[in-house]
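Architecture and fold: a report
For reference, the chains in residue letters:
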Amino acid sequence: MSPYAVIATLLAYFALLLFASRMGAKRGEDFYASRSRDWRIVTLGMITSCMSGVSFVSVPGMVAGSGFGYLQMCIGFFLGYLVIAFVLSPLYFKLGVVSIYQYLDRRFGDSAHMTGACIYFASQLLRASLRIFLLCSTQQLLIFGPLGLPFALNALITIGILVAYTWRGGVRSVVSVDVARTFCMVAAVALTVFFIARNLPGGLTRTVQESGMTQVFFFDDPNDPRYFWKQLFGGLFMVVAMTGLDQDMMQRTLTCRRLADSQKNLVLSSLLQIVVIAGFLLLGVLLYAYAEAAGIPESGDSLFPAVATGGELPAVVGVLFVLGLSAASYGAGGSSLTALTTAATVDVLPKLGGRLRSIHLAIAAAMFLSVLAFRSLSNTYVLDAIYRLAGYTYGPLLGVFAFGILTRRGLRGPLVPLACLSSPLVCAVLSHYSESLFDGYRFGYELLPINAALTFVLLALVSVPGRR
């Protein structure tokens, strides 16, 4: 695929992006959730809000190693959304919080509030930078590399675009862009499946049946990271932590007018997400089948870009890939940038709340530097790296929130950061030596609830009678 064709596709999407952003910003700047959006609009955006360019590239690429086992996590995701809808959302709406970490302030005081906000801030900055890095890597392959342009310029332009469309509208722009992103991603996956299936001699049904990659449930080996109960509980706690305790994700549903609307949004969007993810997995089977037939050696995160832009398929497939990847990545990157601005001005640096623009630019600069740092690293499945990172960073957050909701005890403020930093370190040691300590057992995504439980126990040890 010509770099100029890629540029033309990106420019067309950027025009749509800025139009959606402008429409969202018409009612004014809103970097904080304002309880003013129709839940149906929020739901359309939420369908793909948990997905990014990482999902767009990594989910199809992981099919060779995990089959359709990712759907086991999706079942856990749905259960997790029920917890968010009927446990966390009522709490947030009752308190009327702007940042969800304000709950920790009201429950335990400044130390817990600052600890939770800082953990989120660092984790979200790393996750967002990983996602943008994957987008920049693909753009380097398709555009900047062939034109002889450096990676740093690639990253600078990419982050500049994120700043441009979130500059005026904040959360309003994010929700509007989420809707556009959903349509682009779903259309890209559906049409790519159609065009690749048309170019396979066996057709869609036969290719899927003969692939040997469609196993959904894995009950045989508890040591296998794909084991059903690991995936189920890992998915449940992953969603509760990465959505229910994530300012980026919750600011969307907190824009709904009423609690009931928020709950309808969460339940319906979680069901539709399963359908979309199943489409990604189906696409992965077709991509591997086509790559084998065409002699394309790439796999993992490199598979989809190699097949879509290799020139063997109709040019429209390459256009759809670029469109879908752009929709996924720029939408996720912009929402992360906005959420980090909210967290910085409400939680971490509240005295600078009147300097939104300066904070916004400073965070964008930090993301730029992080992307450059990730340039020297490599991972076959970036999605797996993000989930594993979440196990260490979101575990303490889940433990603190659980302690606040499930107990009536207070906390000694200065000891809260110590407890929240100790549990990930213990989990890192357990994970590294798990096979020798636990007779061959290997930790997967269930490390997050273990981390949370350990944090809960440590907080109990430093707790005091009575609520704050």
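Rules of the game
Residues numbered from 1 in each chain as written. Predicted model: local features only at pLDDT ≥ 70, side-chain atom pairs only at ≥ 80, totals over all residues. Heavy atoms only, no water. Salt bridge = Lys/Arg side-chain N within 4 Å of Asp/Glu carboxyl O. Phe/Tyr/Trp six-rings, centres within 6.5 Å; stacked < 30°, edge-to-face > 60°. Helix = DSSP H or I, 4+ residues; strand = E, 2+ residues; numbered from the N terminus. Buried < 20%, exposed > 50% of the residue type's maximum accessible area, 1.4 Å probe, protein only. Lys NZ or Arg CZ within 6 Å of the ring centre and 35° of its normal. Patch = residues over 30% accessible without salt bridge, like charges linked within 9 Å, V, L, I, M, F, W, Y side chains within 5 Å. Areas by Shrake-Rupley, 256 points an atom, 1.4 Å probe, with all protein chains shown as cover. pLDDT = per-residue confidence, 0-100. Contact = heavy atoms within 4.5 Å.

Now for the pattern of salt bridges. Under the criterion given, the structure shown has four salt bridges. When the shortest N-O distance is used, the salt bridge between D224 and R226 registers 2.9 Å. Residues D261 and R258 are paired through a salt bridge, measuring 3.1 Å at the closest nitrogen-oxygen approach. When salt bridges with common partners are traced through the structure, they connect R258, D261 and K264 into a single cluster.

Next up on the list: the packing of aromatic side chains. Taken as a whole and judged by the stated rule, the model has twelve aromatic pairs. Arranged with centres 5.5 Å apart and planes meeting at 25°, the rings of Y103 and F401 form a pair that is stacked. Taken together, the residues span a long stretch of sequence, with Y103 in helix α6 (residues 102–108) and F401 in helix α17 (residues 382–406) at a distance of 298 residues. Judged on exposure class, the residue Y103 and its partner F401 are both buried. An aromatic cluster is built from F217, F219, F228, W229 and F233, whose rings are joined through pairwise contacts. Its guanidinium or amino end placed over the ring of Y441, K230 lies 4.1 Å from that ring's centre, counting from NZ or CZ.

Attention now goes to a nonpolar patch on the surface. A contiguous nonpolar surface patch, about 520 Å² in accessible area, is contributed by Y4, L147, L149, L153, L156 and I157. Broken down by element, the nonpolar patch gets its largest block of residues, three residues, from helix α8 (residues 151–166). A residue is classified by how much of its surface remains accessible, and L153, at 32% relative accessible area, is partly exposed.

Averaged over every residue, the pLDDT of the chain is 80; the share at 70 or more is 87%. No element of the chain has a lower mean pLDDT than helix α1 (residues 3–25), at 72, and none a higher one than helix α20 (residues 447–461), at 91. Of the regions scoring below 50 in pLDDT, residues 28–33 engages in 33 contacts with residues more than four places distant in sequence or in other chains.

Glancing now at the environment of A5. Within the secondary structure layout, A5 lies in helix α1. As a C-alpha pair, A5 and L142 span 137 residues in sequence and 9.6 Å in three-dimensional space.

Bringing the environment of G318 into the picture now. If you trace the backbone, G318 turns up in helix α15 (residues 315–348). Counting along the chain gives 316 residues from G318 to S2, while the straight-line C-alpha distance between them is 9.6 Å.

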